[in-house]
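Here is what each chain is made of, one letter per residue.
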Amino acid sequence: MNNTNYENMFKSKSTLTREMLNKEDLLSDLEVSTLLAKSSVPYSHRRIASKYNVLRSICSFQIIQPRITVTEKDLLAKYSMEPLENTTITRVNKELLALKQWAISSNDTLREDSVKLLEIRVKELKFILSNNYTANSDELYKGYKAVETYLTAISKFYK
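Residues numbered from 1 in each chain as written. Predicted model: local features only at pLDDT ≥ 70, side-chain atom pairs only at ≥ 80, totals over all residues. Heavy atoms only, no water.

Caption draft 1: Region of interest: the overall build of the chain. Looking only at helices and strands, the chain features nine helices and zero strands. Listing the helices and strands of the chain from first to last along the sequence gives α-α-α-α-α-α-α-α-α. Looking at the 159 residues of the chain, the share that counts as buried comes to 41%. Partitioning the intrachain contacts of the chain with sequence separation of at least 6 by distance along the chain shows that 79% fall at a separation of at least 24. As displayed, the chain offers around 9800 Å² of accessible surface, 54% of which is attributable to carbon and sulfur atoms. (Helix = DSSP H or I, 4+ residues; strand = E, 2+ residues; numbered from the N terminus. Buried < 20%, exposed > 50% of the residue type's maximum accessible area, 1.4 Å probe, protein only. Contact = heavy atoms within 4.5 Å. Areas by Shrake-Rupley, 256 points an atom, 1.4 Å probe, with all protein chains shown as cover.)

What follows is the structure, given as structure tokens:
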């Protein structure tokens, strides 16, 4: 008799979704973030990455950063985005790809929202990095590492 069939029958939905998300949260997927930063990055993303890297080199976010506001959470929800702490690397890579495409869109609202969304992601990243406990524990997904890799790789490829 195969016990794995019985185990699979009684697994809860949350356990199954957690297992699927763990597959999407592999550190090897950070290479995709680097590739996204290497190929045709909009000027607005370069500007945001430059600001982030300058601030990172000066103060390295040891000062506690503010959380995102309710209006910023609403903008994330408008585009079906979760807060960064609840997002996997694979999902962040898909979001970054969409933000790159939206940043060069002919629709002014979409273009402005893409810049705001990336700025919100940077703000969330600063908050996570300033709070060492959560960044060093396993209490959140590793999507923040994809945003950090993307921003640092942009400054490497576009100087």
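From this point, the narrative continues.
Caption draft 2: Layout of the packing of helix α4 (residues 43-59) against helix α9 (residues 143-157). Closest axis-to-axis distance for the α4/α9 pair is 8 Å, and the angle between their directions is 100°. By the criterion of interaxial angle, the relationship of α4 to α9 is roughly perpendicular. Contacts from His 45, Arg 46, Ala 49, Tyr 52, Asn 53 and Arg 56 in α4 reach Glu 148, Tyr 150, Leu 151, Thr 152, Ile 154 and Ser 155 in α9. Each residue belonging to the contact of α4 with α9 can be placed in one class, and the counts come to five nonpolar, four polar and three charged. (Axes fitted to C-alpha atoms, helices over the stretch in contact; angles between N-to-C directions. Parallel < 35°, antiparallel > 145°, perpendicular 65-115°, else oblique. Nonpolar A, V, L, I, M, F, W, Y, C, P; charged D, E, K, R; others polar.)

Caption draft 3: Representation of the nonpolar core within the structure. Judged by nonpolar contacts, the single largest core of 34 residues is most densely connected at Leu 84, Leu 117, Leu 125, Tyr 144, Tyr 150 and Leu 151. Mapped by element, the contributors of at least two residues to this core are α3 (30-38), α4, α5 (70-78), α6 (89-103), α7 (108-130) and α9. It is α7 that provides the largest number of residues to this core, a total of nine residues. Other than its neighbours up to four places away in sequence, Tyr 150 contacts Ser 33, Leu 36, Ala 37, Val 41, His 45, Leu 96 and Lys 100. (Core = buried A, V, L, I, M, F, W, Y, C linked by side-chain atoms within 4.5 Å.)

Caption draft 4: Examining the pattern of salt bridges more closely. Applying the stated criterion to the full structure yields eight salt bridges. Look at the salt bridges and you will find they share partners, linking Arg 91, Glu 95, Arg 121 and Glu 124 into a network. (Salt bridge = Lys/Arg side-chain N within 4 Å of Asp/Glu carboxyl O.)

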